Amino acid sequence: MAREFPAQAERATLLCHEPPTAPGGVARQSDRMELPFNPSPLSVVKRAKWEYHESCYEPTATAPEFIGPQPRELTFQLLLVDQGNRQESVDAQVEKLFSWCAPTKSSISRKRPSPPWIRFSWGSLKLNEFWWFLNEVEVLYTRFSAAGDLQRALCRLELREIGVSR
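Residues numbered from 1 in each chain as written. Predicted model: local features only at pLDDT ≥ 70, side-chain atom pairs only at ≥ 80, totals over all residues. Heavy atoms only, no water.

Trainee: Give me the nonpolar core: which residues, what numbers.
Mentor: In terms of nonpolar packing, the biggest core is built from 25 residues, with Leu14, Phe76, Leu78, Leu97, Phe120, Leu157 and Leu159 touching the most fellow members. Where this core is concerned, the elements lending two or more residues are strand E1 (13–17), strand E6 (73–81), helix H1 (90–99), strand E7 (117–121), strand E8 (131–144) and strand E9 (150–162). If one sorts the elements of this core by residue count, E9 sits on top with five residues. Residues contacting Leu78, with those up to four places away along its chain left out, are Met33, Leu35, Pro36, Phe37, Leu97, Ala153, Leu154, Cys155 and Leu157. (Core = buried A, V, L, I, M, F, W, Y, C linked by side-chain atoms within 4.5 Å. Buried < 20%, exposed > 50% of the residue type's maximum accessible area, 1.4 Å probe, protein only. Helix = DSSP H or I, 4+ residues; strand = E, 2+ residues; numbered from the N terminus. Contact = heavy atoms within 4.5 Å.)

Trainee: Residue-level account of H1, with values.
Mentor: Those residues of H1 that sit buried are Val90, Gln93, Val94, Lys96 and Leu97. Down the axis of H1, the buried side of the element spans an arc of 155°, and every buried residue falls inside it. Contacts made by the buried residues of H1 are with E1, strand E2 (29–34), E6, E8 and E9. (Arc of directions from axis to C-beta.)

Trainee: Account for the environment of Tyr57, naming residues and giving values.
Mentor: Topologically, Tyr57 is positioned in the loop between strand E4 (48–51) and strand E5 (65–69). Expressed as a C-alpha distance, the spacing of Tyr57 and Ala147, which sit 90 residues apart in the sequence, is 70 Å.

Trainee: Describe the state of the cysteines, listing the residues and the values that go with them.
Mentor: The full count for this structure, using the stated rule, is zero disulfides. Its sulfur unpaired, Cys101 is 11 Å from the next cysteine sulfur, which belongs to Cys16. We classify Cys101 as partly exposed; its relative accessible area is 32%. Cys101 supplies the cysteine sulfur nearest to Cys155, a cysteine that is in no disulfide, at a spacing of 11 Å. (Disulfide = S-S within 2.5 Å.)

Trainee: Any chance you could break down the confidence of the model for the protein for me, citing the residues and the numbers?
Mentor: Mean pLDDT for the protein: 88, with 92% of residues reaching 70 or above. Model confidence for the protein, summarised as mean pLDDT per element, is weakest for E2 at 92 and strongest for E4 at 96. (pLDDT = per-residue confidence, 0-100.)

This is the structure:
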């Protein structure tokens, strides 16, 4: 029996949006990065914040007070590889990720500095439903050409949820 494979696997994509001009406003897409290799594994963390208040009258511990939910954190590694003329250079892709950690020119001119808002899109993952900001980009440069051009980089991305609805 022959196995059937999809013609082309869906690629995970980072969609970069200009932050809305006002609360509840629309974030318009300004850039995108289709990931050359789908990330595996993905790590998602969700926390609740509780606070303990000290008391010398309690014999063991005080009852914690629920403070609120904390934003999700999405972490994954991304391999960027020089694929010739088919896409941006590895160096350009790394610089794009770094730029997404800084406020956009438009948000600065509106006197509301904010980095771009990100959507992580990949299949039917519920992660597509959240707005994220790129909290951290760590890059390990792993291969160079004989001329010293960057050919491969391993990036670790950490995105954090922005607590607004879709």
